[in-house]
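# Commentary on secondary and tertiary structure
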Amino acid sequence: MITMDDIVRDYHPTLRERSEKIEFPLNEELKNLADEMLEFIINSQNPEIAEEYDLRPGVGLAAPQLNIPKQMMTVHIPSDEEEEPFSLVMVNPRILSHSVKQTALQDGEGCLSIDEVYEGLVPRSKRITVEYYDVDGNKHKERFKGYPAIVIQHEIDHLNGVLFYDHINQDNPFGLSDDLEIFEENL
Ligand code: K2U
Ligand code: NI
């Protein structure tokens, strides 16, 4: 199973590489990788397992964070009891279009590959249309908004060698603008 020891940390060069596209059909190694990445995120959200294996909770993970510069990422966002979690693995994702309007999490962002705290708003597109492939090679084109859109953009950034603090406005880290609003979870 993947643990924090497998996750490379800032200034590791792979975090700044552009990951390479994945060929289909996936070989067994890459199919296993997708399963293990999803398993890690789910484990990290389980208090008992997270404590036993000292896992930092996460809602997403990208292959370059495991020192594997290939375009694969996973997102798993738990929801309250009755609903299904938002869970997916994206291969070769590409943002086709995005809203002008931007949003940012009020408390900024963190990253499993970055142990330091970087204060400041991380502007993200409010809505995105993403083309991606699933592990079976099926092509998808989907629109995302809200918290899933934020997490997906954070993970796709990893595939392009971009880290969340690259987006923070150093001169005005908590500055808002007409096109940038704080993310409000629709209650
Ligand atoms: O890519 C990663 O390092 C996983 C990040 C993803 C992420 C962080 C902030 C905003 C959007 C995506 C981890 O989830 S950081 C820890 C965390 C855990 C639960 C909720 C938010 C952030
Ligand atoms: Ni990250």
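Residues numbered from 1 in each chain as written. Chains lettered and ligands numbered in written order. Predicted model: local features only at pLDDT ≥ 70, side-chain atom pairs only at ≥ 80, totals over all residues. Heavy atoms only, no water.

## Observations concerning the sheet that holds strand S2 (residues 72-77)
Counted only if it meets this: The pairing criterion is simple: DSSP has to find at least two bridges between the two strands. Strands are runs of DSSP state E lasting at least two residues, helices are runs of H or I lasting at least four, and both sets are numbered from the N terminus onward. Here the axes come from fitting lines to C-alpha atoms, over the contacting stretch only for helices, and the angles between their N-to-C directions go from 0 to 180 degrees. Contacts are assigned to residue pairs with any non-hydrogen atoms lying within 4.5 Å of each other.
The 5 strands are arranged S1-S2-S3-S6-S7 in an open sheet whose pairing can be described as antiparallel. Looking at strand neighbours, the two that pair on one side only are strand S1 (60-62) and strand S7 (139-145), the edges of this open sheet. The average angle at which neighbouring strand axes cross in this sheet is 40 degrees, direction not considered. Against the sheet, helix H1 (residues 28-44) touches S1, S2 and strand S3 (86-98), its axis set at about 30 degrees to S2. Relative to the sheet, helix H3 (residues 146-159) contacts S1, S2, S3, strand S6 (127-133) and S7, its axis offset from that of S2 by approximately 155 degrees.

## Comments concerning the site of ligand 1
Applied cut-off: Any residue with a non-hydrogen atom lying within 4 Å of a molecule or strand is treated as near it. For this analysis, a polar contact is any N or O atom pair within 3.5 Å, provided that within protein one partner can donate a hydrogen and the other can accept it, and provided that sequence-adjacent residues contribute only side-chain to side-chain pairs. Shrake-Rupley sampling with a 1.4 Å probe provides the accessible areas, and residues are treated as covered by the protein chains on show and by no other component. Under this grouping Gly is polar, as are all residues other than the nonpolar Ala, Val, Leu, Ile, Met, Phe, Trp, Tyr, Cys and Pro and the charged Asp, Glu, Lys and Arg.
In the region of ligand 1, 15 residues are neighbours, and Val59, Gly60, Leu112, His154 and Glu155 sit closest. Note that an oxygen atom of ligand 1 is positioned 2.8 Å from one of the side-chain N or O atoms of Glu155. Within the side chain of His158, one N or O atom sits 3.3 Å away from an oxygen atom of ligand 1. Contact with the protein chains removes 84% of the 480 Å² of surface that ligand 1 exposes when unbound. With 5 residues, the single largest contributor to the shell around ligand 1 is H3. Classifying every residue of the shell around ligand 1 gives 7 nonpolar, 6 polar and 2 charged.

## As for H1
Definition in use: Under the convention used throughout, the expected extent of a helix is 1.5 Å for every residue step, that is, one less than its residue count. Partly exposed residues are those whose accessible area sits between 20% and 50% of the maximum for their type, while under 20% is buried and over 50% is exposed, using a 1.4 Å probe and protein chains only.
Between its first and last C-alpha atoms H1 spans 24 Å; for 17 residues at 1.5 Å apiece the expected length is 24 Å, and the two agree. Those residues of H1 that sit buried are Leu30, Leu33, Ala34, Met37, Phe40, Ile41, Asn43 and Ser44. Buried residues belonging to H1 abut helix H2 (47-53), S1, S2 and S3. Capping the start of H1, Asn27 holds a side-chain oxygen 3.1 Å from the backbone nitrogen of Glu29, two or three residues further along.

## Observations concerning the pairing of S7
Relative to S7, S6 is paired through 7 bridges, and the arrangement is antiparallel. Its bridge partner lying in S7, Tyr133 is registered against Lys139. The hairpin formed by S6 and S7 contains 5 residues between the paired strands, and Gly137 there has a positive phi angle of roughly 90 degrees.

## Remarks on the coordination of the nickel ion (ligand 2)
To keep things clear, this is the line we draw: Shown as donors are all N, O and S atoms within 2.8 Å of a metal ion, widened to 3.2 Å for Na, K and Ca; because water is not in the atom set, sites may appear incomplete.
Cys111 (SG), His154 (NE2) and His158 (NE2) make up the full set of protein donors to the nickel ion (ligand 2), lying at 2.1 to 2.3 Å. Each donor residue of the nickel ion (ligand 2) belongs to the same chain, and together they define the spacing C-x42-H-x3-H. Here His154 lies in helix H3 and Cys111 lies in the loop between strand S4 (102-104) and strand S5 (124-125), a separation of 43 residues in the sequence. The same class applies to Cys111 as to His154, namely buried.

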